[in-house]
Amino acid sequence: MQVKDLEFKKFITAKTIAEKVAGLAHKINHDYKDKTPVLLPVLNGSFMFAADLLKEIKIPCRVSFVKTSSYSGTTSTGQLKTLIGHDESLFNQHILIVEDIVDTGLTLEKIIEELRGLGAKSVEAITLLRKKPAREKQLDVKYVGFDLETEFVLGYGLDYDGLGRNYKDIYKQQEPPKAGQN
Ligand code: IMP
């Protein structure tokens, strides 16, 4: 399948994703029983994963979609993002961040730090996909769907230059990703 200048091929089917999502939800139903967590899907990429996951969550929970601003300043280490859109108090809440993909882990690290600063009772994360750099960094992600190497993927909420979020399967780029692509 061609998306703009890149060639992609099917990588993880909708059926395999659905099975994985059900398994992850099952663990959350068990671990967060009696905790009424706040699920915090990070837009845009996590919208499809979050919707499917939430349909399998049977315990009482709240949901609040958030976004990271493109930047709120720059530091020597790069862009400093802040969390926007959380509309209810997260103080004293059990928070579960819902991510589509964790690559270097920088975005997730910043979000966790900010939520801890807001006085959350606990902050954990679930990601459908986790790439090798985050794994090597040993960033603590409580629930992981699929572990990848460094391949560039799209579909099921994930995009390439804004395209491909609508596909129900996940596709992988045929060629190795070029620097600066994501
Ligand atoms: P990190 O801060 O390096 O972990 O980057 C995470 C963000 O980069 C994700 O939320 C995605 O928006 C984007 N991203 C990283 N890898 C991919 C990919 O393979 N496909 C699409 N987006 C990606």
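Residues numbered from 1 in each chain as written. Predicted model: local features only at pLDDT ≥ 70, side-chain atom pairs only at ≥ 80, totals over all residues. Heavy atoms only, no water.

> How should the sheet that holds strand β12 (residues 153–154) be read in this particular structure?
Strand-to-strand pairing in sheets goes through backbone hydrogen bonds, with the strands running parallel or antiparallel. Strand order in the open sheet formed by four strands is β1-β2-β13-β12, and the pairing between neighbours is antiparallel. Each of the sheet's edge strands pairs with one partner strand only, and the pair in question is β1 (2–3) and β12. Inspection of the sheet shows strand β2 (residues 6–12) paired to strand β13 (residues 170–173) by four bridges, in the antiparallel sense. Residue pairing across strands places K9 opposite K172, the latter belonging to β13. (Pairing = 2+ DSSP bridges. Helix = DSSP H or I, 4+ residues; strand = E, 2+ residues; numbered from the N terminus.)

> Please explain the sheet that holds strand β11 (residues 143–147) as it appears in this structure.
Spatially, β4-β3-β9-β10-β11 is the arrangement adopted by the five strands of the open sheet, whose pairing is parallel. Lying at the two open borders of the sheet, with one neighbouring strand each, are β4 (62–63) and β11. Both strand β3 (residues 38–41) and β4 contribute to a ladder of two bridges, which runs parallel. Bridging across to β4, L39 finds its partner in V63.

> When you look at the pairing of strand β9 (residues 94–102) in this model, what are you seeing that I'm missing?
Looking along a regular strand, one sees side chains alternate from face to face of the sheet. In terms of burial, β9 is a largely internal element, nine of the nine residues being buried. In the sheet, β3 pairs with β9 via four bridges, with the strands oriented parallel. From the neighbouring strand, P41 faces β9, where its bridge partner is V98. Note that β9 and strand β10 (residues 122–130) share eight bridges and pair parallel. Following the sheet pairing, I101 is matched in β10 by L129. As for the winding sense of the linkage, the β-α-β connection from β9 through helix α3 (residues 106–117) to β10 is right-handed. (Buried < 20%, exposed > 50% of the residue type's maximum accessible area, 1.4 Å probe, protein only. Right-handed = clockwise from strand over helix to strand, strands pointing away.)

> Honestly, the site of the ligand in this entry has me stumped. Any pointers?
Taken together, 16 residues are adjacent to the ligand, and D103, T104, G105, T107 and V153 come closest. Between the ligand and the protein, one listed contact pairs an oxygen atom with a side-chain N or O atom of T104 at 2.5 Å. G105 places a polar main-chain atom, nitrogen or oxygen, 2.9 Å from an oxygen atom of the ligand. Starting from 500 Å² of accessible surface for the ligand in isolation, the protein chains cover 82%. Class assignment of the residues belonging to the shell around the ligand gives a composition of six nonpolar, four polar and six charged. (Near = heavy atom within 4 Å. Polar contact = N/O pair within 3.5 Å; in protein donor to acceptor, adjacent residues only side chain to side chain. Areas by Shrake-Rupley, 256 points an atom, 1.4 Å probe, with all protein chains shown as cover. Nonpolar A, V, L, I, M, F, W, Y, C, P; charged D, E, K, R; others polar.)

> Teacher, can you tell me more about a nonpolar patch on the surface here?
Among the surface-exposed residues, L43, F47, V63 and F65 lie close enough to one another that they form a single nonpolar patch of about 300 Å² accessible area. Position of F47 among the secondary structure elements: in helix α2 (residues 47–56). Among the residues examined, F47 registers a relative accessible area of 35% and is labelled partly exposed. (Patch = residues over 30% accessible without salt bridge, like charges linked within 9 Å, V, L, I, M, F, W, Y side chains within 5 Å. Salt bridge = Lys/Arg side-chain N within 4 Å of Asp/Glu carboxyl O.)

> Please clarify how the pattern of salt bridges should be interpreted in this entry.
Here the idea is simple: oppositely charged side chains can pair when their charged atoms come close. Scanning the model with the defined rule gives twelve salt bridges in all. Salt-bridge contacts for E19 lead to K15; the nearest nitrogen and oxygen are separated by 3.0 Å. Of the two residues, E19 and K15 both sit in helix α1 (residues 14–31), four residues apart, roughly one turn of that helix. Note that E149 and K132 form a salt bridge whose closest N and O atoms lie 3.6 Å from each other. In this pair, E149 is assigned in the loop between β11 and β12 and K132 in helix α4 (residues 132–136), connecting sequence segments 17 residues apart. Connected via shared salt-bridge partners are R130, K132, R135, D147 and E149.

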